[in-house]
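What follows is each chain in one-letter form.
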Amino acid sequence: MIDDAEVLAFIARTEASYPPDANTASAAENRAYYDAMCARFRAPRPDGMIVTDRLVGDVLCRFYGSETRVSVLYLHGGGFVVGGLDSHDDVCAEIADAVGLQVVSVDYRLAPEHLWPAQILDVEAVWRALDRPAVVVGDSAGGMLAAALCLSQKDKRQPLGQVLIYPGLGGGGNALSYQENAEAPLLRTSDVLAYQRLLYGGALVTDPLARPLSAPDLSGLAPAFIVTADVDPLRDDGKAYAERLSAARVSASWRNEPQLPHGYLRARTTSDRARRSFHAIIAAISGFAVSGETRNVTL
């Protein structure tokens, strides 16, 4: 399935701190494993990067760089159970440095202490408080929240673009990737289901914001760049969402990364495949920011 030596080394290094059964441990144990793993991979921030934490309403956010006319709203991954401002600190700092825009990372509430829709309510609150255009970016669970934000703002102020990085969008069932990658390294299909049970408290949730693939109408949403990992149960969610957006006349592109597993952003400093994908993500963010600002000036 994976024969890239750099990717295999990344998987081994990840599992040394974050064993496969961490996803089914208690939330507290899972967070301890995840925090240790993220700390092991965390790269230093670019020199001179100004970083401040402050509340936006009731939601703690971390701001990277000085305020700019266009910003980037970042929503971290972690299955809605783990992750936070520190887990994706280096990713956000590198994005801010690369695109020259202020990045705002959102410390939304986590399950199981806070069930859905607490997470999207926090993201919406921060979005309403932002007084400038922004590109929304999210990985994994954060990718779902980025898509959900665009859906929640349908016929309202849309982000300039949505960048969804190996997102879970409510697919599954007969999708090939959930079967083909059921035992994939770093994220299994059973892990996806376990996280969903914690997020929804075992209840059946039909809210389209929780499952963007089930939303009846995707027209009028922000243009999208969706990137997926080929060795990931969630792969086909991204492909299906790009197809649905395109069918709704929303500009959407899908990029699938061969041999990469879920969570590969942390491999961007050691894997050429992951590095190239991160550069594509940076380019997409920059493209949405520039074209969106041009549209606003024209209007």
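Counting restarts for each chain, with residues numbered from 1 along the sequence as it is written. Given that the model is predicted, a residue must reach a pLDDT of at least 70 before its local features are reported, and side-chain atom pairs must reach 80 or more before they are shown or counted; all residues, however, enter totals for whole chains, interfaces and linings. No hydrogens and no water enter the side-chain calculation; it runs on all heavy atoms of the structure.

Comment: elements are numbered from the N terminus, with helices defined as DSSP H or I runs of at least four residues and strands as E runs of at least two. Position of V231 relative to the elements: it lies in strand β7 (residues 224-231). The sequence separation of V231 and E183 amounts to 48 residues, and the corresponding C-alpha distance is 9.5 Å. Should any heavy atoms of two residues lie within 4.5 Å, those residues are counted as being in contact. If near-sequence neighbours (up to four positions away) are discounted, V231 is found in contact with M1, I2, N181, A184, P185, Q259, L260, P261 and H262.

Let's shift gears to the nonpolar core. Buried Ala, Val, Leu, Ile, Met, Phe, Trp, Tyr and Cys residues form a nonpolar core when they are joined through side-chain atoms within 4.5 Å. Any residue under 20% of the maximum accessible area for its type is buried, any over 50% is exposed, and the rest in between are partly exposed; the area is computed with a 1.4 Å probe on protein chains only. L73, W116, V163 and Y241 are the most contacted members of the largest nonpolar core, which totals 103 residues. The residues touching W116, leaving out its near neighbours within four places in the chain, are M144, L145, L199, Y200, V205, D207, L209 and A210.

Summarising burial for strand β4 (residues 102-106): five of the five residues are buried, a large majority. Burial along β4 is two-sided: Q102, V104 and V106 facing one way and V103 and S105 facing the other are all buried. Where strand β2 (residues 59-64) and β4 come together, four bridges link them in antiparallel fashion. By the bridge assignment, R62 is partnered in β4 with S105. Bridge count for strand β3 (residues 71-75) against β4 is five bridges, and the pairing is parallel. From the neighbouring strand, L73 faces β4, where its bridge partner is V104. For two strands to count as paired, DSSP must find a minimum of two bridges between them.

Let us look at helix α8 (residues 235-247). By definition here, a helix of n residues has an expected span of 1.5 Å times n minus one. With 13 residues, α8 should reach 18 Å at 1.5 Å per residue; the first-to-last C-alpha distance of 19 Å fits that figure. Residues R235, D236, D237, G238, Y241, A242 and L245 constitute the buried set of α8. Those residues of α8 that are buried are in contact with α5 (141-152), β6 (161-165), α6 (176-180), β7 and β8 (252-261). Among the residues trailing α8, R249 stands out with phi positive, at a value near 65 degrees.

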